[in-house]
Amino acid sequence: MTYNFQDQTAERTSTDQTLLVVGVLFSLLALYLSVQISNNRGPTTDPDQLRKKIMRMAILHGQLSDIVDQFNSCHSTTVMLALATAFGLTVFSTFATIHVYAANVDDSIFWIAWSRMLFDMLFISIVVYVLICSGLVNDECKLTAVLVHKSIGYRSYDRRIFQQLRKMSQQMRHHTPKISCRLFDFDWELMFTIIGSLSTYLVILMQFDLVNYRME
């Protein structure tokens, strides 16, 4: 049992680190792309050199996109189940804490409810961390595509550079990676959805609890 827990903890840590590293790499790619496009558009710019740089950045973007696809294929189901477990535990832990304040219970039950609530904070922190890293990856992917599209639409370049930017733009349009489990994306909208659903379930449970008090 201890080995399984350590195994799951190591897998979850590896998953979080993978998301963070991919997000940082996308951020560095967007920064490097922005610097190269902004600083290399004068008459002294070597078109072939800049075209090769853009080609290398397109290849790197494609490789990072493949990593995101592999992550979705290998880990998205695990992350979804972890989020579902954390959601269920949060609902019942929060309800139990509210219940011990509303009812006359022993001190032992009161401390048990609070210990469950504190244990649930660990799962909440994991959920928030995963969503932060996933949001970083998704936002940086969009930012890279926006930089390329704006460069094509609002700036003038040599014809060869412009053609290479168009190829990169088409690549990003046809393959925009997102951290997703095919049912929903792991982003901040999911966090708001979880908070709204959590509030709804708590209200329903509290209503049933009030009905039991009235029957007593």
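So, how was this worked out
- Residues numbered from 1 in each chain as written.
- Predicted model: local features only at pLDDT ≥ 70, side-chain atom pairs only at ≥ 80, totals over all residues.
- Heavy atoms only, no water.
- Helix = DSSP H or I, 4+ residues; strand = E, 2+ residues; numbered from the N terminus.
- Axes fitted to C-alpha atoms, helices over the stretch in contact; angles between N-to-C directions.
- Parallel < 35°, antiparallel > 145°, perpendicular 65-115°, else oblique.
- Contact = heavy atoms within 4.5 Å.
- Nonpolar A, V, L, I, M, F, W, Y, C, P; charged D, E, K, R; others polar.
- Core = buried A, V, L, I, M, F, W, Y, C linked by side-chain atoms within 4.5 Å.
- Buried < 20%, exposed > 50% of the residue type's maximum accessible area, 1.4 Å probe, protein only.
- Patch = residues over 30% accessible without salt bridge, like charges linked within 9 Å, V, L, I, M, F, W, Y side chains within 5 Å.
- Areas by Shrake-Rupley, 256 points an atom, 1.4 Å probe, with all protein chains shown as cover.
- Salt bridge = Lys/Arg side-chain N within 4 Å of Asp/Glu carboxyl O.
- Polar contact = N/O pair within 3.5 Å; in protein donor to acceptor, adjacent residues only side chain to side chain.
- Phe/Tyr/Trp six-rings, centres within 6.5 Å; stacked < 30°, edge-to-face > 60°.

Draft legend 1. Representation of unusual backbone geometry. Positive phi is not limited to glycine here, since Arg182 has a value of about 75°. Along the polypeptide, Arg182 turns up in the loop between α4 (159-174) and α5 (188-215).

Draft legend 2. Quick peek at the packing of helix α2 (residues 47-102) against α4. The contact between α2 and α4 brings their axes to 9 Å, and the two run at 5°. Comparing the axis directions of α2 and α4 gives the class roughly parallel. Residues Pro47, Asp48, Leu50, Arg51, Ile54, Met55, Met57, Ala58, His61 and Gly62 of α2 form the contact with α4, whose participating residues are Arg160, Ile161, Gln164, Leu165, Met168, Gln171 and Met172. Grouping the amino acids of the contact of α2 with α4 by side-chain chemistry returns 10 nonpolar, four polar and three charged.

Draft legend 3. Fine view of the nonpolar core. Counting 35 residues, the largest nonpolar core has Phe26, Ile54, Val137, Met168, Ile179 and Phe186 as the members making the most contacts within it. If you list the elements that add at least two residues to this core, you get α1 (2-39), α2, α3 (107-154), α4 and α5. Each residue touching Met168, except ones within four places of it in the same chain, is listed here: Leu33, Ile54, Met57, Ala58 and Val148.

Draft legend 4. Examining a nonpolar patch on the surface more closely. A grouping of Leu20, Val21, Val24, Leu25, Leu28, Leu31, Val35 and Tyr129 is seen on the molecular surface, where their side chains present a nonpolar patch of about 650 Å² in accessible area. At seven residues, the largest contribution of residues to the nonpolar patch is made by α1.

Draft legend 5. Representation of the side chain of Thr90 within the structure. By the element assignment, Thr90 lies in helix α2. A polar contact of 2.6 Å, which involves the side chain of Thr90, links it to the backbone oxygen of Ala86. Excluding anything up to four places from it in sequence, Thr90 contacts Asp120, Ile124 and Leu198.

Draft legend 6. Broad picture of the packing of aromatic side chains. Scanning all chains against the criterion turns up three aromatic pairs. Geometrically, the ring pair formed by Phe119 and Phe123 is edge-to-face, given 5.2 Å between the ring centres and 70° between the ring planes. Here Phe123 and Phe119 lie together in helix α3, a separation of four residues that amounts to about one turn. Look at Phe119 and you get partly exposed, because its relative accessible area is 46%. Ring centres of Phe184 and Phe186 lie 5.7 Å apart, and the angle between their planes is 90°; on these two criteria the pair is classed as edge-to-face. What makes Phe184 partly exposed here is its relative accessible area of 30%. Here Phe186 falls in the buried class, since its relative accessible area comes to 1%.

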